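Structural characterization, general
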There are 2 protein chains.
Amino acid sequence: MTSITIYDIAKEANVSVSTVSRVLNDTAPVRASTREKIMSIIEKHQFQPNAQARSLIKKETGTIAIILPDITNPFFPEVFWGAENEARGLGYTFFLCNTAGDSNRESEYLSILREKRVDGIIFLGGRINLQVCPDNMAQELMDMSRHMPIVLVNGNIAKSGLHRVYTDEGAGAAMAAEHLLELGHREIAFVGGMKELSTTMVKVKAVQKKLREHGIEIPKERQLLGGFSIDDGKREMSKLLQQDNPPTAVICVNDNNAIGAIKSTIEYGLSIPKDISIIGFDDTPLASAVIPELTTISQNTYQLGKQAVDMLHDLINQGKPKKQNVLEPRLIIRQSTGPAAR
Amino acid sequence: MTSITIYDIAKEANVSVSTVSRVLNDTAPVRASTREKIMSIIEKHQFQPNAQARSLIKKETGTIAIILPDITNPFFPEVFWGAENEARGLGYTFFLCNTAGDSNRESEYLSILREKRVDGIIFLGGRINLQVCPDNMAQELMDMSRHMPIVLVNGNIAKSGLHRVYTDEGAGAAMAAEHLLELGHREIAFVGGMKELSTTMVKVKAVQKKLREHGIEIPKERQLLGGFSIDDGKREMSKLLQQDNPPTAVICVNDNNAIGAIKSTIEYGLSIPKDISIIGFDDTPLASAVIPELTTISQNTYQLGKQAVDMLHDLINQGKPKKQNVLEPRLIIRQSTGPAAR
């Protein structure tokens, strides 16, 4: 008897744990060819599920879910990509639940996922990014975590003790500010995001702190929050450009916003980075596809997804992973930033 | 007693049918505030589930699933957006399953979704876009459709009798060709896609047919298939530009490819549309965000998703929708196409 697990068999057969489980327990139909492949691998390794494994097999459904706010923002599909690849390697099948950041939908998904008995949940956006998360919403997540493992990505519920993986977004925003300072910029604006969201305010505060170290304040009229989409960035940037004294550099809350800001700037007849430098956040695939290519902060999205799944897998298997896993961001310098014109 | 249904209650309460069902049948916990809201609506309308409704409630899980190949291609999130909004309005909760077009993953999801007893499935990509779908894969879908309703979007399984909603992509490709002909182009190339996929070959053939009506052939070296990503478009376009006699216009398989082609063309020192016209397909949000803005073919993605859900809903409720629903594409003229230079 070898020490091979159901996960190894799933991996070798390139199927999910639930498929192997279905073959072993005969709980649901499996394609004949898939069944044969799994049985031959089981035979080859002389796999015999022991009592503990048997109970695990019965308990585990082999499916995990990711709850996230917006798949049309390319940041989230990138995180998902890392998560799904890792989950696949570990033998899980993945359900994706899109919430639009709406807490009712989050509640609904949490409830349904419990009913459908998934093995664990990765949670992004919505309530875990609120500056102040209402007690009932926080409680709901904590209650749920008693029934199944939950890992929060790039967010937090204060004092909940929930496991989480996140990029140090404040450090990333400070890097963006530092890069602009080194290029001689002193007239700097911040565009995008929402003041109710911690992920936005962490960035705003980190930029302010870094600039203050150099005696620079961002006046109110240069802090234009207003959303996360391309159109939001375009609209807010055009407001900045219509001011009497436009900034020489703009830090955007994400790449989508920065792409909108580039669009607006060029339509305004200005040149990037000669007249204005623009910097994004996330390093989505679009960042290197636009012209000029976008200077941005990489959040290591693939790693973020991967490590969230590793942590969840550990929790599902009664491991004791550390409560927090912090990833460092990186500055990616491309074409949209340059020396200050004044 | 009124003729109000569980769907109406779900809609008014802004929750899914499954949540209402959980309250009515007390099968799983529901947040107290949500329960109260639902109960007050039930009371207000004096809703009494009749026998048939009761059986429906028991049978239906209130969840539907969408199986699609690649959420990092913005076309699919756009379809999903239309589908999800409509599903939400009808009281469903949505699971998204990402397959990377891999038929093993498709099989796995089909099997798991059956096990999890979703009410129906919307299927995009993968096997339903193969020029030749292997019998066992076709059979699997047809078998599944005996257990739950399935709607195919922008694809088909020949002779399966499965319901489907699709855009007439051939008509769209012909529109793109016609637009270029009207601008005086005769040196036209086709970039992107894969020859194994019907969605690609439908476009290639429609372009060829339209051009032949004007005595023009696309030579082999101007048919550069090679994938669906931005990078694929960039790479294939640069091959075209290195040829002795580059074309004056390029039709790309999708917007991602066209954005890559624009990137490559500008890096090559050429001007769009003065030197080369580029046209995309899908009208994703990126099309109007790039510079120059992309001329493209709209697939009415939102409608595509919406109508797929309407058809599925009809099937779930034992309706008899017509087997096919065809949407007409539209030409969206922006800045990336202009008169032929020669």
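- Chain A has the name LacI family DNA-binding transcriptional regulator in an unreviewed UniProt entry, where Paenibacillus cucumis is given as its organism.

1. Comments concerning the overall build of chain A
- Looking only at helices and strands, chain A features 12 helices and 12 strands.
- Considered along the principal axes of its C-alpha atoms, chain A spans approximately 75 × 40 × 30 Å.
- Counting only residues that meet the buried cut, chain A has 60% of its 342 residues in that class.
- A separation of at least 24 residues holds for 75% of the contacts in chain A among residues at least 6 apart in sequence.
- Total accessible area on chain A is roughly 13600 Å²; 51% of this is exposed by carbon and sulfur atoms.
- Across chain A, the mean location of the 39 positive side-chain charges is 3 Å away from that of the 40 negative side-chain charges.

2. Thoughts on the domain arrangement of chain A
Residues and elements named next belong to chain A.
- Structurally, chain A comprises domain 1 (6-58), domain 2 (63-168 + 300-328) and domain 3 (169-299).
- Taken together, the contact pairs 15 residues of domain 2 with 19 residues of domain 3.
- Taking both partners together, domain 2 and domain 3 bury about 1400 Å²; carbon and sulfur atoms supply 47% of that area.
- The largest per-residue losses of area from domain 2 upon contact with domain 3 belong to Asn129, Gln131 and Asp168, which jointly make up 37% of the total buried on that side.
- Our count for the domain 2 to domain 3 interface comes out at 10 residue pairs in polar contact (both at pLDDT 80 or more).

3. Focus: the pattern of salt bridges
- For the structure shown, the criterion picks out 48 salt bridges over all chains.
- Of the charged contacts, one joins Arg105(B) and Glu84(A) as a salt bridge, the two residues approaching to 3.5 Å between their closest N and O atoms. One end of the pair, Arg105(B), is in helix H6 (residues 103-115); the other, Glu84(A), is in helix H5 (residues 75-89), on a second chain. Across this residue pair, the class does not change: Arg105(B) and Glu84(A) are buried.
- Notably, a salt bridge pairs Lys263(B) with Glu293(A), separated by 2.4 Å at the nearest N-O pair. Of this pair, Lys263(B) sits in helix H11 (residues 255-267) while Glu293(A) is found in the loop between strand E9 (277-279) and strand E10 (296-298), placing the two residues in two different chains. Grouping residues by exposure puts Lys263(B) and Glu293(A) together as buried.

What counts, and at which threshold
- Residues numbered from 1 in each chain as written.
- Chains lettered and ligands numbered in written order.
- Predicted model: local features only at pLDDT ≥ 70, side-chain atom pairs only at ≥ 80, totals over all residues.
- Heavy atoms only, no water.
- Helix = DSSP H or I, 4+ residues; strand = E, 2+ residues; numbered from the N terminus.
- Buried < 20%, exposed > 50% of the residue type's maximum accessible area, 1.4 Å probe, protein only.
- Contact = heavy atoms within 4.5 Å.
- Areas by Shrake-Rupley, 256 points an atom, 1.4 Å probe, with all protein chains shown as cover.
- Lys, Arg positive; Asp, Glu negative; His and termini not counted.
- Charge placed at Lys NZ, Arg CZ, Asp CG, Glu CD.
- Domains from an automatic or database assignment.
- Buried area = accessible area lost by both parts, 1.4 Å probe.
- Polar contact = N/O pair within 3.5 Å; in protein donor to acceptor, adjacent residues only side chain to side chain.
- Salt bridge = Lys/Arg side-chain N within 4 Å of Asp/Glu carboxyl O.

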